[in-house]
Amino acid sequence: MSYLNRRVSNNRIKLKCFLSTNYSQIFLRFIFGCILLIGIIQSAAIQPQKISLYNENDKLYILSNKNFSIVYESPTAWLIEFYASWCGHCIHYTQTYREIAIDTYGWSSIVRIGAVNCYSPENEQLCTDHKINAYPTLRLFPPDTTFKSDKTVDIPVSDAKDVERSLINKLETLEDRQKYWPSLTSVSRIELSEFYTRASANTKLVVLVFEQKDDYIGRQLILDFSRYYDQLVIYRTTNMGKLWKKLHLSMQDAPSLYVVYRNLTIERLDDTVFPLDKDVGKRNLFNYALRTYIRKHPTLIQNYNDDDLEEIILRKKALKNKNEVVTATKQQKSINNESDIKKVYMLDMESGLDFMLRREICKINEINNDAYNALVKWLTVLVKYFPGREPVMTYLTRLLDEVKSQPNGFTGNEFRRMANRKTEDAYLPTYFQQWRHCAGSANQYRGYPCAVWLIFHSLTVGQVRFEEKKSVPSDKLDMIEVPLAIKNFIKYFFGCRECSDHFMKETVNVEDIQPNKYEAVLYLWNIHNRVNERLHGEISEDPLHPKLQFPPIPLCKQCHKLDKDDVTSFNKDRTIEFLLEFYSKDNIDSSNLTDFQQQSIRKLRSRQKWKQINENDGNINNIPDENSDNELSKYIKKSSLFGTTTMLLKHFKIYFIVTCFVFVIFLRYRFCKVKKKRYTL
Ligand SMILES: Cc1cc2nc3c(=O)[nH]c(=O)nc-3n(C[C@H](O)[C@H](O)[C@H](O)COP(=O)(O)OP(=O)(O)OC[C@H]3O[C@@H](n4cnc5c(N)ncnc54)[C@H](O)[C@@H]3O)c2cc1C
């Protein structure tokens, strides 16, 4: 009996241990999986985000440094938009560029459409290589372009119609045309009999477009059907020559579309029909008329397929409607995050400075002459008036000294090296575009330009405080210094092309600023409010952070007054008081600044010192600071799987609990094994 009992109990324990062992193994794996996941999430959180203003639904290629090689030595030409997702004008331009991509969708055997976001850190070098100084830039890469080829041409940024026309003009005159490309040039003095004899032997269909000299319909149609270049030839004629007379055509018939038959007769195609909607433009009507003809004669063109074309044309119409809907819903929304608007955050300003000094200014190839002077003035006002932390101010001072020591100027890359230098007592942390107040509800909103405004305002207020300390008489004040430095910074370095142009117009009278203590503060406040007014309700406005007249009533009630006619306006005295207070050092919240860069630097420095001590036989002087940023990012990348030291500490509790769990499971597993062994014995 006791033997039987022992066996039953033995079996029970075996089963329990078996189950617990299996479960514990599964559980162990689960725990390790969790740890790995936390690490990955953390590493993802500190890696720069990939942002694009376009998505896979757009009829264009989203290019980056990873796939840009498809552009080099491509058999087709490429039209590429280099943009920055923070740039308001680029955000506005996306609709136009989408339209261009849709319009030129059928041209893909001749030219393909792509877009690169230069704001994405991974594309920084790509944009530098292509000398992109302003956004958006539209650049045409001819076929077979090689890396850093000088054959590329820029196309003026304009509305879809103008860009398409410029593109056609360039394609027409391009030296590096492919042999198989159809001719876009108008034919003249041609006999009807020559249409087929001029074309290749495979030609199944010849089409003729009569149009006026300035018309683009013929060329658009040639490109629309360029996929079938070996079977279909489209000629365009703009010349009132013999042929016109022979066919009894006059100017009133232009533009019109004809099929030319081998028996030397022609048939005019009906270009007034379009399914669903007629309001699609002459070019689409022509396109549809020719497609209808081809479909009616299915044996004419082999492998003919136009299934997607109607959908694309209608999509373009939908694009325009969508634009209106987006702006309409935006206006209904309001601020949802009031706590963040009451303070100025140093994180925003340092992050903005980091991007400005290490990326935005460096994109200029040669910083000399006027650009150099603008940079010196800009750094000077930063050193004098920026309300920064001590190490940041020391960093700025050293940067200014170094810039001043090279009066002949330098390249953007050389400036990047200077701006990347960090020492323990002089550094500007590297941020991966981290924002607090300036964080937008989506990637393309707010961020850098918001931080730029904050820096500007803090400088005008900083100057007031600076002058107050010196108690300079009012008429001796140089209140133009900061606005002029800002103006020239925007002129030479701010990438958003249209923003810069607008700002130049807004600041034409900068020299007229009166020598009054508060004049520069008011001047900038006014300009910013005018910009807010202009951009309110635009597609670049963050729907959750509408552009209001600043300061809005919830922020400063006293700043607003009611006039006799019940119209609210700003009370200037109260507004000045508010601005001085709002952008004062005391209202700048530095609490959320991360210090992991600082720690990493210390580690790096000690590692570098170690290396140097070994290399220089104990001499620790002249430790190179160059590329410390690259080293730093390498370090951050290396440690990012489980987060950096600070992050580890931050999540210490989680790690501790998880480790305890793992330990308990391990003990239980060991205990079961021992018990099992004892019973089997
Ligand atoms: C010089 C310059 C010119 C620009 N021009 C254009 C342009 O032409 N087209 C375009 O699409 N985008 C332009 N932008 C970008 C645009 O102005 C915004 O910066 C961007 O859309 C982000 O807006 P935001 O909601 O973060 O608020 P922002 O307008 O960037 O403001 C940032 C913060 O400044 C404070 N603030 C707002 N108004 C005032 C004020 N009057 N005085 C003091 N403080 C204020 C608020 O706290 C606000 O949150 C420009 C940016 C700059 C720096």
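Residues numbered from 1 in each chain as written. Predicted model: local features only at pLDDT ≥ 70, side-chain atom pairs only at ≥ 80, totals over all residues. Heavy atoms only, no water.

Caption draft 1: Looking closely at the overall build of the protein. Per the secondary structure count, the protein includes 22 helices and 15 strands. For the protein, buried positions account for 49% of its 681 residues. Intrachain contacts of the protein at a sequence separation of at least 6 include 74% that bridge at least 24 residues. Split by element, the accessible area of the protein, about 34900 Å² in all, is 52% carbon and sulfur. (Helix = DSSP H or I, 4+ residues; strand = E, 2+ residues; numbered from the N terminus. Buried < 20%, exposed > 50% of the residue type's maximum accessible area, 1.4 Å probe, protein only. Contact = heavy atoms within 4.5 Å. Areas by Shrake-Rupley, 256 points an atom, 1.4 Å probe, with all protein chains shown as cover.)

Caption draft 2: Fine view of the confidence of the model for the protein. The predicted model of the protein has a mean per-residue pLDDT of 80, with 75% of residues at 70 or higher. Per-residue pLDDT stays below 50 along residues 323-336; that stretch engages in 23 contacts with residues further than four places along the chain or on separate chains. Contacts of residues 609-651 to residues separated by more than four positions or lying in other chains number 69 contacts, the stretch itself having pLDDT below 50. (pLDDT = per-residue confidence, 0-100.)

Caption draft 3: Just the packing of helix α10 (residues 346-360) against helix α14 (residues 448-470), in detail. For the pair α10 and α14, the least separation of the axes is 8 Å and the interaxial angle reads 105 degrees. Classified by the angle between their axes, α10 and α14 sit roughly perpendicular to one another. Contacts between α10 and α14 pair Asp348, Met349, Gly352, Leu353, Phe355, Met356 and Glu360 from the former with Tyr448, Ala451, Val452, Leu454, Ile455 and Ser458 from the latter. Partitioning the contact of α10 with α14 into residue classes produces nine nonpolar, two polar and two charged. (Axes fitted to C-alpha atoms, helices over the stretch in contact; angles between N-to-C directions. Parallel < 35°, antiparallel > 145°, perpendicular 65-115°, else oblique. Nonpolar A, V, L, I, M, F, W, Y, C, P; charged D, E, K, R; others polar.)

Caption draft 4: Local environment of the sheet that holds strand β8 (residues 256-260). A sheet is described by the order of its strands in space; here four strands give the open sequence β7-β6-β8-β9, paired in mixed fashion. In this open sheet, the two edge strands, each paired with only one partner strand, are β7 (232-237) and β9 (266-268). Taken pair by pair, the neighbouring strands of this sheet meet at an average axis angle of 25 degrees, ignoring direction. (Pairing = 2+ DSSP bridges.)

Caption draft 5: Local environment of the side chain of Thr238. Mapped onto the fold, Thr238 is located in the loop between β7 and α7 (242-246). Taking relative accessible area as the criterion, Thr238 reaches 17% and is therefore assigned buried. Among the polar contacts listed, one links the side chain of Thr238 to the side chain of Ser186, at a separation of 3.2 Å. What Thr238 contacts, discounting residues up to four positions off in sequence, is Ser186, Val187, Glu211, Gln212, Lys213 and Trp244. (Polar contact = N/O pair within 3.5 Å; in protein donor to acceptor, adjacent residues only side chain to side chain.)

Caption draft 6: Spotlight on the site of the ligand. Surveying the vicinity of the ligand reveals 29 residues, the closest of which are His437, Arg446, His528, Lys547 and Tyr583. Contacts to the ligand include Asn529, whose side-chain N or O atom sits 3.0 Å from a nitrogen atom. In the model, a nitrogen atom of the ligand is placed 3.0 Å from a nitrogen or oxygen of the Asn532 side chain. Isolated, the ligand exposes 940 Å² of accessible area, and the fraction of that covered by the protein chains is 95%. (Near = heavy atom within 4 Å.)

Caption draft 7: A look at the sheet that holds strand β2 (residues 77-83). Spatial ordering of the open sheet is given by β1-β3-β2-β4-β5, a layout of five strands whose pairing is mixed. In this open sheet, the two edge strands, each paired with only one partner strand, are β1 (61-63) and β5 (153-155). Across the sheet, the mean angle separating the axes of adjacent strands is 30 degrees when strand polarity is ignored. Taken together, the five bridges between β2 and strand β4 (residues 137-141) define a ladder with antiparallel strand orientation.

Caption draft 8: Broad picture of a nonpolar patch on the surface. A grouping of Phe663, Phe666 and Leu667 is seen on the molecular surface, where their side chains present a nonpolar patch of about 310 Å² in accessible area. On the secondary structure map, Leu667 appears in helix α22 (residues 652-680). (Patch = residues over 30% accessible without salt bridge, like charges linked within 9 Å, V, L, I, M, F, W, Y side chains within 5 Å. Salt bridge = Lys/Arg side-chain N within 4 Å of Asp/Glu carboxyl O.)

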